[in-house]
Amino acid sequence: MGNRVAREDYEWVYTDQPHADRRKEILAKYPEIKSLMGPDQRLKWIVCMMVAIQFLAFYLVKDLDWKWVLFWTYAFGSCINHSMTLAIHEISHNTAFGNNKAMWNRYFAMFANLPIGLPYSASFKRYHLDHHRYLGGDGVDVDIPTEFEGWFFCTRFRKFIWIILQPLFYAIRPLCINPKPITQLEVTNVACQLTFDILLYWLGGAKPLFYMLAGSMLGMGLHPISGHFIAEHYMFLKGHETYSYYGSLNLLTFNVGCSK
């Protein structure tokens, strides 16, 4: 558990960003794919259903013993909140209402953000577009761990700790690598989320608040459903920087793909 891993640096490549070329090649070979591009008419209803489920869960856990709050937080709440973060990912690509109603998507993402407990939908949109546009770009793509993370979390045990704390690194890393000026949408996102969190505590007490926040942390960290973070972004076999998964967990993760 304490042995250092063999690799001590990133895999550096100096070719052009592949996303645009891959898109052209796929569309040239399969032009019918264009018919699938556009908003998903089911997404907004699925998101509303998940938000309603979490609101009901907030009510149900407020009178449970703490041991059952812990159980349902990990077994259920973390799965729903993880799914909500991926719903926000979909909404960030304007798939809820389409490109012509961009602001509708932004505010709907804030609504989807409510049961997660931490305001991040507005900031996620800004940084996630950079992730697609500059995939793997040093100092721009904030999904890539920092040099400090690669240097310090170099043993199996430390990597285990890193997985547990991954939500914190995911939130803090953009501020360290590529800080951006705060926008009005981000201020609105924070104000709405803090208001909701305070109301939840006032109406239900500490247990619903714990269920919400701990569920988000656990669902984005040490949880089977979070395997796709590693599968998507980290290289285990030279030349293969990402892995696909087509199993049943995609029903909860909007087909983002989870690691095997």
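How each quantity is defined
- Every chain is numbered on its own, with residues counted from 1 as its sequence reads.
- Owing to the predicted nature of the model, reporting of local features is limited to residues with pLDDT of at least 70; listing and counting of side-chain atom pairs is limited to 80 or more, with chain, interface and lining totals taken over all residues.
- Computation of side-chain values covers all heavy atoms of the structure but excludes hydrogens and water.
- UniProt positions are given in the numbering used here, feature names are shortened, and annotations may be inferred rather than shown by experiment.
- Helix and strand definitions follow DSSP, with helices as H or I runs of at least four residues and strands as E runs of at least two, each counted in order from the N terminus.
- As used in this record, nonpolar core signifies buried Ala, Val, Leu, Ile, Met, Phe, Trp, Tyr and Cys residues forming a set joined through side-chain atoms within 4.5 Å.
- Only protein chains enter the accessibility calculation, which uses a 1.4 Å probe; a residue whose area is less than 20% of its type maximum is buried, one above 50% is exposed, and one in between is partly exposed.
- Between two residues, a contact is recorded if the distance between any of their heavy atoms is within 4.5 Å.
- By salt bridge we mean one thing: a side-chain nitrogen of Lys or Arg within 4 Å of a carboxyl oxygen of Asp or Glu.
- Here an axis means a line fitted to C-alpha atoms, over the contact stretch when the element is a helix, while the angle between two N-to-C directions is reported on a 0 to 180 degree scale.
- Any angle that is under 35 degrees is reported as roughly parallel, and any over 145 degrees as roughly antiparallel; angles of 65 to 115 degrees are reported as roughly perpendicular and all others as oblique.
- By convention the crossing between two helices is left-handed if the near helix lies anticlockwise of the far one by an angle smaller than a right angle, and right-handed if it lies clockwise.
- Under the scheme applied here, ten amino acids are nonpolar (Ala, Val, Leu, Ile, Met, Phe, Trp, Tyr, Cys and Pro), four are charged (Asp, Glu, Lys and Arg), and all others, including Gly, are polar.

J.: I'd like a description of the UniProt feature "transmembrane region" (unreviewed entry) in the protein chain, backed by residues and values.
T.: The sites that carry the UniProt feature "transmembrane region" (unreviewed entry) are, in the present numbering, residues 43-61 and 209-231. Secondary structure content for residues 43-61 is 100% helix and 0% strand, while the C-alpha to C-alpha distance between its ends is 27 Å.

J.: Could you give me a rundown of the nonpolar core, with the residues and numbers involved?
T.: Residues Val47, Met84, Ile88, Ile91 and Ala112 are the most contacted members of the largest nonpolar core, which totals 16 residues. The element that contributes the greatest number of residues to this core is helix 3 (residues 66-92), accounting for five residues. When sequence neighbours within four positions are dropped, the list of residues in contact with Ala112 reads Val47, Val51, Met84, Ile88 and Ile91. Residues Leu114, Phe196, Tyr211 and Met212 belong to the second largest nonpolar core, which totals eight residues.

J.: Quick one: what's the story with the pattern of salt bridges, residue by residue and with numbers?
T.: According to the stated counting rule, one finds four salt bridges in the structure shown. Between Lys62 and Asp63 there is a salt bridge whose closest N-O contact spans 3.2 Å. Taking relative accessible area as the criterion, Asp63 reaches 63% and is therefore assigned exposed. Arg126 is the partner of Glu186 in a salt bridge, and the nearest nitrogen-oxygen pair spans 2.9 Å. Residue Glu186 is found in helix 9 (residues 184-204), and its partner Arg126 is found in helix 5 (residues 121-133); the two are separated by 60 residues along the sequence. Assessed through its relative accessible area of 22%, Arg126 is described here as partly exposed.

J.: Go over the packing of helix 2 (residues 43-61) against helix 3 with me, naming the residues and quoting the values.
T.: Remark: helix 2 packs on helix 3, axes separated minimally by 11 Å, with the N-to-C direction vectors making an angle of 155°. Considered as vectors, helix 2 and helix 3 are oriented roughly antiparallel to each other. Here helix 2 runs over helix 3; the crossing is left-handed. Residue-level contacts link Leu43, Val47, Met50, Val51, Ile53, Gln54 and Val61 of helix 2 to Val69, Phe76, Gly77, Ile80, Asn81, Ser83, Met84, Ala87, Glu90 and Ile91 of helix 3. The residue makeup of the contact of helix 2 with helix 3, split by class, is twelve nonpolar, four polar and one charged.

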